[in-house]
Amino acid sequence: CRCCAGSRRHSSILYNILRSEERATSPAGQGLRRRQASRGCPCGSRRRVALRSPQVACKAASAVLVKTLRFVQNVPCFQELPLEEQLLLVRSCWAPLLVLGLAQDRVHFETVESAEPSMLQRILTTRRQGEQPPPRGPAPGRLQHGLSGGGPHLPSAGEVQAIKGFLAKCWSLDISTKEYAYLKGTVLFNPDLPGLQCTQYIEGLQREAQQALNEHVRLIHRGGEARFAKMNVVLSLLRSISANVIAELFFRPIIGAVNMDDMLLEMLCAKL
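These remarks concern the structure in this document.

The rules behind these values
Residues take numbers from 1 onward in each chain, read along the sequence in its written order. Reporting of local features is limited, given that this is a predicted model, to residues whose pLDDT is at least 70; pairs of side-chain atoms are given and counted only at 80 or more, and all residues count toward the totals for whole chains, interfaces and linings. The basis for the side-chain values is all heavy atoms of the structure; hydrogens and waters are excluded. For this analysis, a nonpolar core means a set of buried residues of the types Ala, Val, Leu, Ile, Met, Phe, Trp, Tyr and Cys, connected via side-chain atoms within 4.5 Å. Relative accessible area decides the class of each residue, using a 1.4 Å probe on protein chains only: under 20% of the type maximum gives buried, over 50% gives exposed, and in between gives partly exposed. Here a strand is any run of E in DSSP of at least two residues, a helix any run of H or I of at least four, and the numbering for each starts at the N terminus. Any Lys or Arg side-chain nitrogen located within 4 Å of an Asp or Glu carboxyl oxygen qualifies as a salt bridge. Side-chain rings of Phe, Tyr and Trp, where Trp is taken by its six-membered ring, are said to pair if the distance between their centres is within 6.5 Å; with planes under 30 degrees apart they count as stacked, over 60 as edge-to-face, and otherwise as tilted. A ring is considered to have a charge above it if a Lys NZ or an Arg CZ atom is located within 6 Å of its centre and within 35 degrees of its normal.

Of all hydrophobic cores here, the largest spans 62 residues; its most connected members are Phe78, Trp94, Ile246 and Phe250. Considering every element that reaches this core, the biggest residue donor is helix H6 (residues 83-104), with 12 residues.

Scanning the entire structure with this criterion turns up five salt bridges. Of the charged contacts, one joins Glu110 and Lys164 as a salt bridge, the two residues approaching to 3.4 Å between their closest N and O atoms. Taken together, the residues span a long stretch of sequence, with Glu110 in the loop between H6 and strand S2 (111-113) and Lys164 in helix H8 (residues 157-173) at a distance of 54 residues. Classification of Glu110 by relative accessible area gives partly exposed; the value is 48%. Of the charged contacts, one joins Arg218 and Glu225 as a salt bridge, the two residues approaching to 3.6 Å between their closest N and O atoms. Taking relative accessible area as the criterion, Arg218 reaches 46% and is therefore assigned partly exposed. In this structure Glu225 comes out as exposed when scored by relative accessible area, which is 56%.

Attention now moves to the packing of aromatic side chains. Within this structure, the stated rule accounts for two aromatic pairs. When the ring of Trp94 is compared with that of Phe251, the centres are 6.1 Å apart and the planes differ by 70 degrees; the resulting orientation is edge-to-face. With Trp94 in helix H6 and Phe251 in the loop between helix H12 (243-250) and helix H13 (252-255), this residue pair connects regions lying 157 residues apart in the sequence. Taking relative accessible area as the criterion, Phe251 reaches 2% and is therefore assigned buried. Ring geometry for Phe109 against Phe250: centres 5.3 Å apart, planes inclined by 85 degrees, an arrangement best described as edge-to-face. Taken together, the residues span a long stretch of sequence, with Phe109 in the loop between H6 and S2 and Phe250 in helix H12 at a distance of 141 residues. Summarising the burial analysis for this pair, Phe109 and Phe250 share the class buried. Over the ring of Phe71 we find Lys184; its NZ or CZ atom is 5.2 Å from the centre of that ring.

Note that all results are geometric; they support no functional claim without further evidence.
Here's what the structure looks like:
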């Protein structure tokens, strides 16, 4: 990648590695990386980031998740579905519903670039690991991070920017409470999920939510067709946001190793 390549005037690999480290840690290097990310540089968008204030942002996201599941539980048509169907729907749509909730509650968050290991550090670490016995497992009682097993996978700057771009789009449209409700209904009742038995019924519910949104927009807003088209754009943007990214960003810092499916099942069956 040209934007992240070092100087070509020196042929020493070690020299280039050390120079890259020096540039990365210098104020000028950090500014360059911020500019690369803002210009959409592929290298900048791949950099791993974490929440600047995880306690604040994660608490807000957790509150939104509770409100989201409470909203789902209070939809009469949803309660009429078998429990297995309810779980399938919630497991597939909890993340987009949560992001819609973040937009509705106007939750703001900032991220910082994670201190990922450099090329030289990886080389030296790999060499040390080859000379020493493998490390033992985590100490008893210590929380092992990982929402579904494995090590941590921080989201990239590009993935977080997709979330922020979606929030900004919603805020620019000044979406009303009713419009958010109809959008959530459209997302919740997804008839295309594999394993569903009540497909036709769920498809009808989704169609009703879309029709209600269309009628509401035409009644309240001039140029309702254009606004309804923008609402469909909002729904299409949701598809680019990964549930794993949402879980890693907003829930790993506070709950560590937990299975989101288990947590959703527990919350869904509880009286929130």
